[in-house]
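# Secondary and tertiary structure notes
Letter by letter, the chains look like this.
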Amino acid sequence: MQLNYIFMIFLGWKVFFHPFYISLTEIRYNPNGKSLEIAQKIFWDDLEVALGEIHKTKVDFLNPSDKKKLEEMVQAYLMEKNEIRVNGQPVKLKYLGFEIEEEAAWFYMEAEKVPLPKTVDVYNAVLLQHFEGQQNIVNFYLDRKPKSLILQKGKERGRLEVNGTR
């Protein structure tokens, strides 16, 4: 009887367990360098799934068989799935690399020669076609307090109105 009770509790948890999919993008305006510094935190195992589906190959962030090829796949994916416009003008994103941090990885990009932002339009479609319920949180910092967006399937774009004064 107790075994049946334990099994029913276990089954109940399985039914109600619902994984969540999320990424975090932090965009910081550097007034000295007139640049955007972008750090995007993505669960590397989710990105392995997405890149594996796209490239029809096994992807392994922890033990890549070809690190250069992995970097190329990541760069192409992130450049396709991210876009930023400042004051209505597109900025050119440059991929810098990534580092693994436990269950997630930080991916770094930058944009140079960026004017002081008044509006920031963000497109972020990372993992949206691969995971139902994926949400991409975007925090933009001009000073200390961020302006934030939550982007998801059907709402891949968002606009932030930035004060523009320092």
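Our subject is the structure listed above.
Residues numbered from 1 in each chain as written. Predicted model: local features only at pLDDT ≥ 70, side-chain atom pairs only at ≥ 80, totals over all residues. Heavy atoms only, no water.

On a plain count of helices and strands, the chain comes out with three helices and 10 strands. Secondary structure elements in the chain, listed N-terminal to C-terminal, are α-β-β-α-α-β-β-β-β-β-β-β-β. Burial statistics for the chain: of 166 residues in total, 41% are counted as buried. Excluding contacts between residues fewer than 6 apart, the proportion of contacts in the chain whose partners are at least 24 apart in sequence is 59%. For the chain, the exposed area adds up to about 10,700 Å²; of that, 55% sits on carbon and sulfur atoms. (Helix = DSSP H or I, 4+ residues; strand = E, 2+ residues; numbered from the N terminus. Buried < 20%, exposed > 50% of the residue type's maximum accessible area, 1.4 Å probe, protein only. Contact = heavy atoms within 4.5 Å. Areas by Shrake-Rupley, 256 points an atom, 1.4 Å probe, with all protein chains shown as cover.)

A word on the nonpolar core. In terms of nonpolar packing, the biggest core is built from 39 residues, with Leu36, Phe61, Leu78, Ile84, Phe107 and Phe140 touching the most fellow members. When residues of this core are assigned to their parent elements, the largest contribution, five residues, is made by helix α3 (residues 67–81). In this view, Leu36 contacts Ile27, Arg28, Tyr29, Ile84, Val86, Val91, Met109, Glu110, Ala111, Val114 and Phe140; residues no more than four positions away in its chain are not counted. (Core = buried A, V, L, I, M, F, W, Y, C linked by side-chain atoms within 4.5 Å.)

Turning our eyes to something else, we now look at the pairing of strand β10 (residues 157–161). Taking every second residue as pointing to the same face, the buried face of β10 carries Gly158 and Leu160, while none of Arg157, Arg159 and Glu161 on the other face is buried. Inspection of the sheet shows strand β7 (residues 119–124) paired to β10 by five bridges, in the antiparallel sense. Across the sheet, the residue bridging to Asp121 is Arg159, located in β10. (Pairing = 2+ DSSP bridges.)

We now examine empty space enclosed by the protein. By the definition in use, this model includes one cavity of 30 Å³ or more. In this structure, the largest cavity spans a volume of roughly 40 Å³. What lines the largest cavity is Thr25, Ile27, Ile38, Asn82, Ile84, Leu93, Met109, Val122, Asn124 and Val138. When residues of the lining of the largest cavity are traced back to their parent elements, those giving at least two are β1 (22–30), β3 (82–86) and β7. Looking at the lining of the largest cavity residue by residue, the classes come out as seven nonpolar, three polar and no charged. (1 Å grid on protein atoms, 1.4 Å probe; cavity = no way out; pocket = protein on both sides within 12 Å on 5 of 7 lines; lining within 4 Å. Points joined across faces, edges and corners; volume = space filled by probe spheres on them. Nonpolar A, V, L, I, M, F, W, Y, C, P; charged D, E, K, R; others polar.)

We now examine the sheet that holds strand β9 (residues 146–152). If you walk across this open sheet you meet the six strands as β5-β6-β2-β1-β8-β9, and the pairing is mixed. Strands with a single pairing partner mark the edges of an open sheet, and in this sheet they are β5 (94–101) and β9. Taking the axes of each pair of neighbouring strands and ignoring which way they run, one obtains an average angle of 20 degrees across the sheet. Across the sheet, helix α2 (residues 44–55) touches β2 (35–43), β5 and β6 (104–111), and the angle it forms with β2 is around 90 degrees. In the packing of α3 onto the sheet, the strands contacted are β2, β5 and β6, and the crossing angle to β5 comes to about 115 degrees. (Axes fitted to C-alpha atoms, helices over the stretch in contact; angles between N-to-C directions.)

Turning our attention to the sheet that holds strand β4 (residues 89–90). Read from one edge of the open sheet, four strands run β4-β3-β7-β10, paired in antiparallel fashion. Two strands bound the open sheet, and with one partner strand each, they are β4 and β10. Sheet topology places β3 next to β7; five bridges connect them, and they run antiparallel. Residue pairing in the sheet places Ile84 in a bridge with Val122 of β7. α3 rests against β3 and β7 of the sheet, and its axis sits at about 45 degrees to β3.

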